[in-house]
Amino acid sequence: LPFSLGDDFLCGDDGFECNERLYENVCTHCGASRMCPFSLSDFVCDRCGGTAPTRFEEMELPEAPAEEEPDDGLTTEEREAMRKENDRTQLLWKTLIQGIPLSQAAELFDSQGHEPPTEQELMDLRTNTLAHVRQKTIGRRQFMKSALKNKSSKGQTKRFLNNEMVTVAKKRQIL
């Protein structure tokens, strides 16, 4: 129970309705008896430390399934091919960023179990990256230009007045 049933127990203090009838509850652990306004089948008094024999049998939890293969819809061969391709791309970037000569890059790729890169492969990676950055920059500039044009265009502006959306002239300061 979440409350003590000591000698000075009052049922009203714990939210129970008091009644005239009292039930004898015998502690299942030590055999002491207490008179209470309700009957408990597995009663344990507070003098026993509140430890009672188990009322139910605890079931063991089932083992979690082994995480042998992730549920990404790929076969083991496809997953391995993707991992090797990602490793190769990382090595290509390392070669470009550190400016490693092609002969040293070939040794690095061989030590990792990959085919040595060609000069054309490195140039394609650099060119595609630059083209992507330029395209992204152009898109950002166009967005900012259109946002500035829309902001400076004359017309009506929407504002809130007393929690209501109102439309006012662009240059007008007061409603």
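Structural data are supplied above this passage.
Residues numbered from 1 in each chain as written. Predicted model: local features only at pLDDT ≥ 70, side-chain atom pairs only at ≥ 80, totals over all residues. Heavy atoms only, no water.

Peer 1: Can you walk me through the pattern of salt bridges in this structure?
Peer 2: Evaluated as defined, the whole model comprises three salt bridges. With its nearest N and O atoms 2.7 Å apart, the salt bridge here joins Arg 88 to Glu 121. Of this pair, Arg 88 sits in helix H1 (residues 76–98) while Glu 121 is found in helix H3 (residues 119–152), placing the two residues 33 residues apart along the sequence. For Arg 88, a relative accessible area of 13% corresponds to the buried category. Here the residues in one salt-bridge network are Glu 80, Arg 83 and Asp 87, joined through shared partners. (Salt bridge = Lys/Arg side-chain N within 4 Å of Asp/Glu carboxyl O. Helix = DSSP H or I, 4+ residues; strand = E, 2+ residues; numbered from the N terminus. Buried < 20%, exposed > 50% of the residue type's maximum accessible area, 1.4 Å probe, protein only.)

Peer 1: For this particular structure, what's the right way to read the side chain of Arg 88?
Peer 2: One polar contact links the side chain of Arg 88 to the main-chain carbonyl oxygen of Glu 115, over a distance of 2.5 Å. Arg 88 has contacts with Phe 109, His 114, Glu 115, Pro 116, Pro 117 and Glu 121, leaving out every residue within four places of it along the chain. (Polar contact = N/O pair within 3.5 Å; in protein donor to acceptor, adjacent residues only side chain to side chain. Contact = heavy atoms within 4.5 Å.)

Peer 1: Is there a simple way to think about the pairing of strand S1 (residues 23–26) in this case?
Peer 2: A regular strand carries its side chains on alternate faces of the sheet. In this structure, S1 lies alongside strand S2 (residues 33–36), joined through four bridges in antiparallel fashion. Opposite Val 26, over in S2, you have Ser 33 as the bridge partner. (Pairing = 2+ DSSP bridges.)

Peer 1: Would you take a moment to explain helix H2 (residues 102–111) for this structure?
Peer 2: Each α-helix turn comprises 3.6 residues. Residues three or four places apart therefore point the same way. Those residues of H2 that fall on the buried side of the exposure criterion are Ala 105, Leu 108 and Phe 109. All buried residues of H2 fall inside an arc of 95 degrees around its axis, so they share one side. More than 90 degrees from the buried face of H2, the exposed residues found are Ser 103, Glu 107 and Ser 111. Considering only its buried residues, H2 is in contact with H1. A positive phi of about 85 degrees marks Gly 113, the residue just after H2. (Arc of directions from axis to C-beta.)

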